[in-house]
Amino acid sequence: MKETVIRLHNEAVSWENGSPIGGGSFGAVLFGGTKNEKIYLNEESVWSESPMAPPDPEFRSKIQRLRDMYLAGEKYIDDEAERLLGENMQCVRSYESAGVLEIGLPDFGEVKHYKRELDLERAVFSSAAQYACGIVQEEAFSSYPYEITAVQYAFPAAGQVKLAFVREFTDSTEYNGGVLEAVCHTQYGNHRFAVGVKPLSDGAISFADGRLVVENAKKLTLFIAIATEYNYGDGFL
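> Which residues make up the nonpolar core, and what are the values?
Proteins that are soluble and globular tend to have nonpolar side chains buried together. One finds Ile39, Leu41, Leu101, Ile103, Val151 and Val195 to be the most contacted residues of the largest nonpolar core, which totals 37 residues. Tallying contributions element by element places strand β14 (residues 211-228) first for this core, with 7 residues. With residues near it in sequence (within four places) discarded, Leu101 still touches Glu37, Lys38, Ile39, Leu41, Leu163, Ala164, Phe165, Val197 and Ile224.

> Give a detailed account of the packing of aromatic side chains, specifying residues and quantitative values.
The description of an aromatic ring pair rests on the distance of the ring centres and on the angle between the ring planes. Per the counting criterion, the structure on display carries 5 aromatic pairs. When the ring of Phe108 is compared with that of Phe155, the centres are 6.4 Å apart and the planes differ by 40 degrees; the resulting orientation is tilted. With a gap of 47 residues between them, Phe108 in the loop between β5 (99-104) and β6 (113-119) and Phe155 in strand β9 (residues 148-166) connect regions that are remote in the sequence. Phe155 sits in the buried class, given a relative accessible area of 6%.

> Pulling in residues and values, what's your account of the pattern of salt bridges?
Pairing between side chains becomes possible if they bear opposite charge and their charged atoms approach one another. Summed over all chains, the structure comprises 7 salt bridges. We note a salt bridge from Arg7 to Glu117, for which the minimum N-O separation is 3.4 Å. On the criterion of sequence distance, the pair formed by Arg7 in strand β1 (residues 5-8) and Glu117 in strand β6 is long-range, its members being 110 residues apart. Residue Arg7 is classed as partly exposed on the basis of its relative accessible area of 47%. Its salt-bridge partner being Glu110, residue Lys112 comes within 3.9 Å of it at the nearest N-O pair. As far as the burial class goes, Lys112 and Glu110 line up, both exposed. A cluster of three or more residues bridged by salt bridges with shared partners is formed by Glu3, Arg7 and Glu117.

> Before we move on, can you summarise helix α2 (residues 77-85) with the specific residues and values?
Listed as buried for α2 are Glu80, Leu84 and Leu85. Viewed along the axis of α2, the buried residues span an arc of 105 degrees, placing them on a single side of the element. Opposite the buried face of α2, at more than 90 degrees from it, the exposed residues are Asp78, Glu82 and Arg83.

> Report on the environment of Val100, specifying residues and quantitative values.
Within the secondary structure layout, Val100 lies in strand β5. Those residues in contact with Val100 that lie beyond four places of it in its chain are Lys38, Ile39, Tyr40, Ala164, Phe165 and Val166.

Rules and cut-offs
Residues numbered from 1 in each chain as written. Predicted model: local features only at pLDDT ≥ 70, side-chain atom pairs only at ≥ 80, totals over all residues. Heavy atoms only, no water. Core = buried A, V, L, I, M, F, W, Y, C linked by side-chain atoms within 4.5 Å. Buried < 20%, exposed > 50% of the residue type's maximum accessible area, 1.4 Å probe, protein only. Helix = DSSP H or I, 4+ residues; strand = E, 2+ residues; numbered from the N terminus. Contact = heavy atoms within 4.5 Å. Phe/Tyr/Trp six-rings, centres within 6.5 Å; stacked < 30°, edge-to-face > 60°. Salt bridge = Lys/Arg side-chain N within 4 Å of Asp/Glu carboxyl O. Arc of directions from axis to C-beta.

Shape descriptors only; they carry no functional weight alone.
Given below as structure tokens:
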């Protein structure tokens, strides 16, 4: 039987080293941080669309000119390409991140042992950090049917957790009805979307200065959803 679990022994230091989970059209990348966790969020319709100029009617002939130069071994093809295409080169805008959840975790001292796993068959992320007082466990997965990402923490002792949503072009961040709701727009095209985070905990939850604070928590679960104007129209809020 093939091994379907990626096992690592360090928390991620950058997005490229993170552990991705997803439900097809949405997902997240987790760092598995021990003191501070970062969760990068994504949704397929959050993208930098903007109006584009009409295609250059001479584009085909310009490309043929460059091909002929290449096949003939001519020099200065780079300069000619810049002259012919520099101002008229069309590029498709890329997708944008839906934002980052930055989570400050309780400080239980020195980490004695650490592991981070991504189960490819079950599509589940997990990490475990061993301290003198016990183990901090983190587990996450994305549910395709419910279109949510769930992140769960278990702590060996009650502690404080701070959570903030971070993204450029955020229009508002509020806490209503037990849900942290951030309304954003894209850099290009001004597409609007909302990120909702619903915390459930045995601790006391409060909201101040744009961030959630959970006091005396031994358990914490975050339910994360993303709704875009592209998918839901004005009802995305």
